[in-house]
Amino acid sequence: MPNIVLFSGSSHQDLSQRVADRLGLELGKVVTKKFSNQETSVEIGESVRGEDVYIIQSGCGEINDNLMELLIMINACKIASSSRVTAVIPCFPYARQDKKDKVGSRAPISAKLVANMLSVAGADHIITMDLHASQIQGFFDIPVDNLYAEPAVLQWIRENIAEWRNCIIVSPDAGGAKRVTSIADRLNVEFALIHKERKKANEVDRMVLVGDVKDRVAILVDDMADTCGTICHAADKLLSAGATKVYAILTHGIFSGPAISRINNAAFEAVVVTNTIPQEDKMRHCPKIQVIDISMILAEAIRRTHNGESVSYLFSHVPL
């Protein structure tokens, strides 16, 4: 793959190295540091003139610092005469702030602000995964490839759940219905959903199950889990409705606040997440957490983008 340079930000260097290994590339030389006043400094350590540059930085950890680091890296490559700069953002920051929730609200649409910042910094293309709201793609005036973890999720279900043919795919909220119906169709099983009413952010008031889970293995599927109140309440709801086992599969495992203790105390067989966010520390404190590696999907998307091939082919030709 000539004329390509792959850089890693500091948010998730393990994932960046896995992607580089799959592409047969060495990560580019970059030095990031902070001045004593906490300003971020980035120095690109090799020529990128005329190169196709890819910068991998996930929206996790110190999110604001990592976002600023990404913006500076994009700008540094752009003004160093790279031919194209692609920001590879496995977990898109501020994705939950994608709209005003009610009429007259003074809440910001921060996902749109992040989109503007990336564009102004000089990004020519965005690669991300399982956006919380697909309309975020429309916040950009540059190409956005929203990849799906679905192929890796299907493989994990078939290889790790012996009774998968007698399972039911469950969405913990109405917004995830499209996601679960796609997985259910590919597995040729039924789906259900849970309607939730929130009193306020991160706090669920009431849940109503729509669908029959009695004597079946229930698999909760969602794009992300933060404090895990929703999925833990959902697990209790499914077991009380007659489910024999409950699994949770999530693309982005944020796991902040009381999340780990809630998972440890919940009746999950396993909570499965992808490695869009580092999970090593969380796994040490919670044996129920298992990780799916999605570096192959990211690497193939980068390869296809660089070679001018179709990225959608990755998902339109997944075996049923």
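Since the model is a prediction, treat every value here as computed from it, not as a measurement. The written sequence of each chain sets the order in which its residues are numbered from 1. Totals for whole chains, interfaces and linings use every residue, but because this is a predicted model, local features are given only for residues with pLDDT of at least 70 and side-chain atom pairs only at 80 or more, for both listing and counting. Side-chain numbers here rest on the full set of heavy atoms in the structure, without hydrogens or water.

**Focus on the pattern of salt bridges**
We count a salt bridge whenever a side-chain nitrogen from Lys or Arg sits within 4 Å of a carboxyl oxygen from Asp or Glu. By the definition in use, this model includes 17 salt bridges. One salt bridge in this structure joins Lys 78 and Asp 124, with 2.7 Å as the shortest N-O distance. With a gap of 46 residues between them, Lys 78 in helix H2 (residues 63-78) and Asp 124 in the loop between helix H3 (110-121) and strand S6 (125-129) connect regions that are remote in the sequence. Take Lys 78: its relative accessible area is 29%, and that puts it in the partly exposed class. The class of Asp 124 is partly exposed, set by a relative accessible area of 25%. For Glu 300, the salt bridge is made with Arg 303, and the minimal N-O distance between the two is 2.7 Å. Here the residue Glu 300 and the residue Arg 303 both occupy positions in helix H9 (residues 295-307), the gap between them amounting to three residues, near one helical turn. Put simply, DSSP H or I for four residues or longer makes a helix, DSSP E for two residues or longer makes a strand, and each gets a number counted from the N terminus. Buried means the residue's accessible area, taken with a 1.4 Å probe over protein chains only, is under 20% of the maximum for its type, while exposed means over 50%, and partly exposed covers the values in between.

**Some thoughts on helix H6 (residues 229-240)**
With twelve residues, H6 should cover 16 Å at 1.5 Å per step; its first-to-last C-alpha distance of 17 Å lies within 8% of that length. Remark: Gly 242 follows H6 within two positions and exhibits a positive phi of approximately 105°. Each helix should span, by expectation, one fewer than its residue count multiplied by 1.5 Å.

**Points about the domain arrangement of the protein chain**
Here the limits of each domain have been adopted from an automatic or database domain assignment. As assigned here, the protein chain comprises domain 1 (2-146) and domain 2 (148-291). A separation of 28 Å is found between the C-alpha centroids of domain 1 and domain 2. Throughout, a contact is declared for two residues whenever any of their heavy atoms are within 4.5 Å. On the domain 2 side, the residues contacting the 15 residues of domain 1 number 14 residues. In this assembly, domain 1 packs against domain 2 so that about 1300 Å² is buried in total across both faces, 52% of it on carbon and sulfur atoms. Our count for the domain 1 to domain 2 interface comes out at one salt bridge. Of the charged contacts, one joins Asp 226 and Arg 96 as a salt bridge, the two residues approaching to 3.0 Å between their closest N and O atoms. Polar contact is the term for a pair of N or O atoms within 3.5 Å; when the atoms are in protein, one must be able to donate a hydrogen and the other to accept it, and sequence-neighboring residues count only if both atoms are side-chain atoms. The tally of links from domain 1 across to domain 2 stands at eight residue pairs in polar contact (both at pLDDT 80 or more). Counting residues per element, the side of domain 1 that touches domain 2 draws most heavily on helix H1 (residues 13-23), which supplies three residues. Split by residue class, the side of domain 1 that touches domain 2 holds six nonpolar, five polar and four charged. Each of two parts loses accessible area, computed with a 1.4 Å probe, when they are put together; buried area is these two losses added. Three classes are used: nonpolar for Ala, Val, Leu, Ile, Met, Phe, Trp, Tyr, Cys and Pro, charged for Asp, Glu, Lys and Arg, and polar for all others, with Gly counted as polar.

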